[in-house]
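Below, each chain spelled out in residue letters.
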Amino acid sequence: MNKPVEGNTQVGLSAETLARIDALVEQYPTKASALMPSIWAIHDELGYVPPAGVDALVEKLEVTRARVHEVLSFFTMYRTEPQAENVLQVCHNISCHIMGARNIIAHMEKKLGIRLGETTPDGKFALEGAECLGACGHGPCLQRGKHLYEYLTTEKVDDLLDNLRKGEVPRADTDRELED
Amino acid sequence: MAKLTIDGKEIEVPDGTRLFDACTEARGETLPHFCYHPDLPIAGVCRLCQVEVEGMPKLTIACNTMVRDGMVVHTRNERVSKANQQVLEMHLINHPVDCPICDQAGECGLQNQYMEYGLYDAKVQMAEKVNKAKAKVIGPHVILDQERCVLCSRCVRFCNDVTGTGEMGIFNRGDRAEIDTAPGVQLDNNYSMNTVDICPVGALTSRDFRFQKRVWMLKAAEGVCPGCATGCNVRIDHEGGRIYRLKPRRNPEVNGAWMCDKGRMIYKPVHAENRLSDPERGGDKLSWADAGQAVSDALAGARLELVVLSPQLSLEEMFLARLLAEKQDATVVAGPAELGRGEGDELLLDADRTPNRKGLELLGVAESSAAELSGKIGSTDGTILLLGGNPAADAAVEAALQKAAEKSGVIYVGTHADETAACATLTLPGAMWAEKAGIFVNKQGRLQEFKQAVARRGAGREDWRILVEILGDDDAPVSLKALRTLMKDTVLPGTQADLNRLPVLGLVPGSLESGSRGEDS
Amino acid sequence: MSTNDNQILSRRFGRKDGHKLSVYESEGGYSALRMVLSGMKPDEVREVVKESGLRGRGGAGFPTGVKWGFVPEGAEEVYFFVNADESEPGTFKDRYCLDYDPHMTIEGTIISSFATRSKLAFIYIRGEFGWLIDRVQKAVDEAYAAGYLGQNILGSGYDLDLIVHKGAGAYICGEETGLINSVEGRKGQPSIKPPFPAVAGFLGKPTIVNNVESVATVPWIMNNGAEAYKAFGTEKSCGTKLWSVSGPVKNPGVYEIPLGLPFREFFHDYLGGMADGEELKAVIVGGSSVPVLPAAEIMNCNLDYESLQQAGTMLGSGGMIIIPQSADMVELIQVLMHFYFDESCGQCTPCREGTGWLHKIVKKLRRGEGTPEDIDLLEHVCNGMAGLTICPLADAAVMPMRSFIDKFRPEFEALIQETATTGPQTRWPRGEQE
């Protein structure tokens, strides 16, 4: 993380992120309409929105603190607490369920020693349930960051978790950069 | 105009009327509702004001529907009643039903509407209900119970659209959604207690009123807030001689449905410890008979030379004091003009913190500055009569009065043992605004009547009665009604207006001819 | 993938290079835009689309050209939104469109924006599609560089900016006013109508929101004409439709077929029937929010708006969920009721409280604490939700709930009866789904 900006909160935003927010305010038709992408800009840097992030949004977008928190609390992907290194969100909706998502979840719970909704004590893994991730024909699936891991089997999950534990991120099914 | 049929009754309303309001007119009572409020933007979320409009396949909410000519509307048929009942049931499934300890009980939208539109058997056990925060202090005046909340969003809309302060929000979603202030933010604007009024349930309650009184014990009197020149119309809720709270009375011409928190708290001095309860002279309490003698003695010794009025007085009191001064050839002034000033805002609170400066203007009584008034007091050899307003709160006036009291009588008709009472040679206990009836003229020039709510403290008397005694005149009015009749030609010359029957929304003399204002409604 | 004859939208599906501008152009891409901008008037474009019979592919099926016509004549400031918030369980077709062929949607967006006289357009992509957002952004950057976006597009004098907007996890933002509100920087809660967005939408200005699939179809229609499009499908259900197929069939995936194809043919010839060892029990044909049909009923249906409606369900988003005999219907409805409970925006009371209540009752059944009265109670709660809210989410929860009871009541009764004798039992590995 870059140097925090002035302020008495512990975690600040980098000058780059603040500049990104300024650019978004320019790009969007009104200041307030830049709220969602600005929250994403903070997320991109920190993985969550700390109080200093809320301060920056209130100041730059000229919206009330209540409105920022309304939006932060409304959307499931926005977070206001630091997150685990690997947040693994397993789809538990109908298509993935039919294709065995609950077994995948049970397997992961056992393997990680945590229950759905919990984080491992070392902060490496958080296991979350997610509503439909739009991979219904490729289920079961889980999301990590920008990518989806699809057609999950217990073996594939083992491989994923083992690699992540070692600090290696296996190529996701939606990661098609090599094809470019 | 649009003609429509509501529950078989034909009515005609202006184009652009909300169907909700048209239904109120036709039914003689509102549709069931939580979120609709005439002074807030439409939210349409409580889903209670469903009506059937013939020709439309689905039920529709009346609050977001504009009347159309020829509309045929049903508000009480089986389909609508069923929907009312089911939606109300939804409002109540997670409600804690803690009515016995809820301040809202007795004036609660859930209670009242359950009796009229609910009456189903409860199907949810207490253990299955969603739990949320209770008794959370969210500001200096307001306390929140999230479990009682029906998420009508009125308080949020109030803070966003009326005060523009935006402290409140609805956070999270689904049945986890909850009203709150943003983290680190207090509901601390000067209008915060309006959220308590518009909260249709017991979610937002007043910290001041909390656990003080069951609402059904309260009696109400129509008052006008004496806190500033706006003259917000208020309801004084009282019982057993005590005022428990002030609430705004809706007057679209003056205060809409709102009033400020400063105004709400203005009843506190009525019950202050230092109220004057008996006539006093030199620290000795007197009976009114002795006090009357004392006044006569003083005036016999030195004639009445100066009468000092205050913008706190009612129009009737000002008029009578002026009459007294005229009869006794005394000078009548008001002041000091510096008192009763503060900072105003753009909503209701006026920089002029007195209720009746316009009344002085209407009667042609000029206000003196503190310096002028001190000078006048200093150059007076006769008796001085001070009516309300604690003029000695100004140090120069105080000094002048102290000096004057050494050479002649200083009679003060006041309400508290304040600086002026300390200067006076004779104090007479008057009545505070809530203890008497009268007329205030607000900053618009609007004459607004206020009524007596509680009994006067101790031996206190209405100021006009005290003045009548001092006047000692057989022609003096014997009742407030007579007094108003007497003053009518001075106050409203050349009109047919009746000061004893002021319109509900008040009367602006200048606009009488146009007839555009002051209509009874 | 689909057979060649039907390919309007899916020509480049599954190809590794289909997302590149050079490939798209070499296969005729942006020719429709060139044609439109070389002399057509916005109203003429709208008429062609109206004439083609194209209906909104997001779920509601409202005619696209008619919707465009609701923008008030002479409106100065109009906004165009492409709805790629694809969140309806069982639906993943828009993802295919944007992943394999983003330029087709971009071209469609430019033409549609022109037709609605918009100067600023958004593609609103659900936040979970992180990689896809990058991919579409790259394609948009390519389109800007090639002069298809920005000032004076292709020398026509028409200006258009296009913003790729990232959602953040809210099913309800697929509802057009929820989507608009969230871009305004509010919670994504739907607005009361009227006013409709075409009159007063984004920032209070006329706004059109169209689904990706609808927008992506527009270039083909402009190139080939309304008649050519109408040649596909049935009289009232014109054109082709993308179907997202999930569940244990041999070949799940996204298929483009002409509307009106018999389900039986689609199931056997395209999907290859059920996977080995599985038997068909039921199908949710249009995304999780439409009524379920048992195998026997769906087998005789044709896949078009009218036939499906006649069969008591809806085409919806075309998210076809195949349910095998091995599935426990009460378990599946618990999954769905959790979803609607999770996703209700919380604004309207019947939906906020009703979705939570339905979920609680179903959980109670699944815990083995159900009584026969609970089935009636589920129906009672549904009655208190249906048709009483601002947006269709309440109905979206009620339709599967009612149909599961209606079509599979014996399974509910059996569970209640079974647990009445054995006592509470855990049928879910984790006790219950939270």
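Everything quoted here is computed from the prediction, not taken from an experiment.

With reference to specific residues and values, describe the pairing of strand β8 (residues 168-171) of chain B.
Residue and element names in this part refer to chain B. Along β8, one buried face is formed by Met168 and Ile170 and the opposite face, lined by Gly169 and Phe171, is buried too. Relative to strand β9 (residues 178-181), β8 runs antiparallel, the two sharing four bridges. For phenylalanine 171, the partnering residue across the bridge sits in β9 and is glutamate 178. Hairpin remark: β8 followed by β9, antiparallel, with six residues in the connecting loop; positive phi at asparagine 172, about 65 degrees.

Any chance you could break down the packing of helix α6 (residues 102-115) of chain C against helix α7 (residues 130-145) of chain C for me, citing the residues and the numbers?
Residues and elements named next belong to chain C. Put simply, α6 and α7 touch, their axes get as near as 9 Å, and they point 55 degrees apart. In terms of axis orientation, α6 runs oblique to α7. Considering how the two elements wind past one another, α6 and α7 form a crossing that is right-handed. The segment α6 lies against α7, with Pro102, His103 and Ile106 engaging Arg135, Val136, Ala139, Val140 and Ala143.

Explain the interface of chain B and chain C residue by residue, including any values.
Contact with chain B, which involves 26 residues of that partner, is made by 24 residues of chain C. Examining the composition of the side of chain B that touches chain C, we find that six residues originate from one element, helix α2 (residues 78-92) of chain B, more than from any other. The residue inventory of the side of chain B that touches chain C, partitioned by class, reads twelve nonpolar, seven polar and seven charged.

Requested: an account of the sheet that holds strand β2 (residues 120-125) of chain C, with residues and values cited.
All names here are of chain C. The four strands lie next to each other as β3-β2-β1-β4, forming an open sheet whose pairing is parallel. A strand with exactly one partner marks an edge of an open sheet, and here the two such strands are β3 (161-166) and β4 (207-211). Each strand axis lies, on average, 20 degrees off the axis of its neighbour in the sheet, ignoring direction. As judged from the six bridges shared by β2 and β3, these two strands associate in the parallel manner. Paired with alanine 121 across the bridge in β3 is leucine 162.

Which residues make up the sheet that holds strand β11 (residues 219-224) of chain B, and what are the values?
All names here are of chain B. Spatial ordering of the open sheet is given by β11-β12-β13, a layout of three strands whose pairing is antiparallel. The open sheet terminates on both sides in strands that have one partner only, identified here as β11 and β13 (242-248). Between one strand and the next, the sheet's axes are offset by a mean angle of 30 degrees, whatever the strand orientation. As paired elements, β11 and strand β12 (residues 233-239) share six bridges and run antiparallel to each other. In the sheet register, alanine 221 faces β12, and the bridge partner there is isoleucine 236.

Can you explain the interface of chain C and chain A? Please cite residues and give values.
In this complex, chain C contributes 54 residues to the contact, which on the side of chain A involves 45 residues. Elements that contribute at least two residues to the side of chain C that touches chain A include exactly α7, β3, α8 (176-183), β5 (240-246), β6 (253-258), β11 (319-324) and α14 (329-343) of chain C. It is α14(C) that provides the largest number of residues to the side of chain C that touches chain A, a total of six residues. Of the residues that constitute the side of chain C that touches chain A, the class distribution is 24 nonpolar, 17 polar and 13 charged.

Residue-level account of helix α1 (residues 15-27) of chain A, with values.
All names here are of chain A. Taking 1.5 Å of rise per residue, the 13 residues of α1 would be expected to cover 18 Å, and the 18 Å separating its terminal C-alpha atoms lies within 8% of that figure. Taken together, the buried positions of α1 are Thr17, Ile21 and Leu24. The buried residues of α1 all sit within an arc of 60 degrees when viewed along its axis, so they share a single face. Exposed positions of α1 whose direction lies more than 90 degrees from the buried face are Ala15, Glu16, Ala19 and Glu26.

The rules behind each value
Residues numbered from 1 in each chain as written. Chains lettered and ligands numbered in written order. Predicted model: local features only at pLDDT ≥ 70, side-chain atom pairs only at ≥ 80, totals over all residues. Buried ≥ 20, exposed ≤ 12 C-beta atoms within 10 Å, placed from the backbone. Helix = DSSP H or I, 4+ residues; strand = E, 2+ residues; numbered from the N terminus. Pairing = 2+ DSSP bridges. Axes fitted to C-alpha atoms, helices over the stretch in contact; angles between N-to-C directions. Parallel < 35°, antiparallel > 145°, perpendicular 65-115°, else oblique. Left-handed = near helix turned anticlockwise from the far one by under 90°. Contact = placed C-beta atoms within 7 Å. Nonpolar A, V, L, I, M, F, W, Y, C, P; charged D, E, K, R; others polar. Expected span 1.5 Å × (residues − 1). Arc of directions from axis to C-beta.

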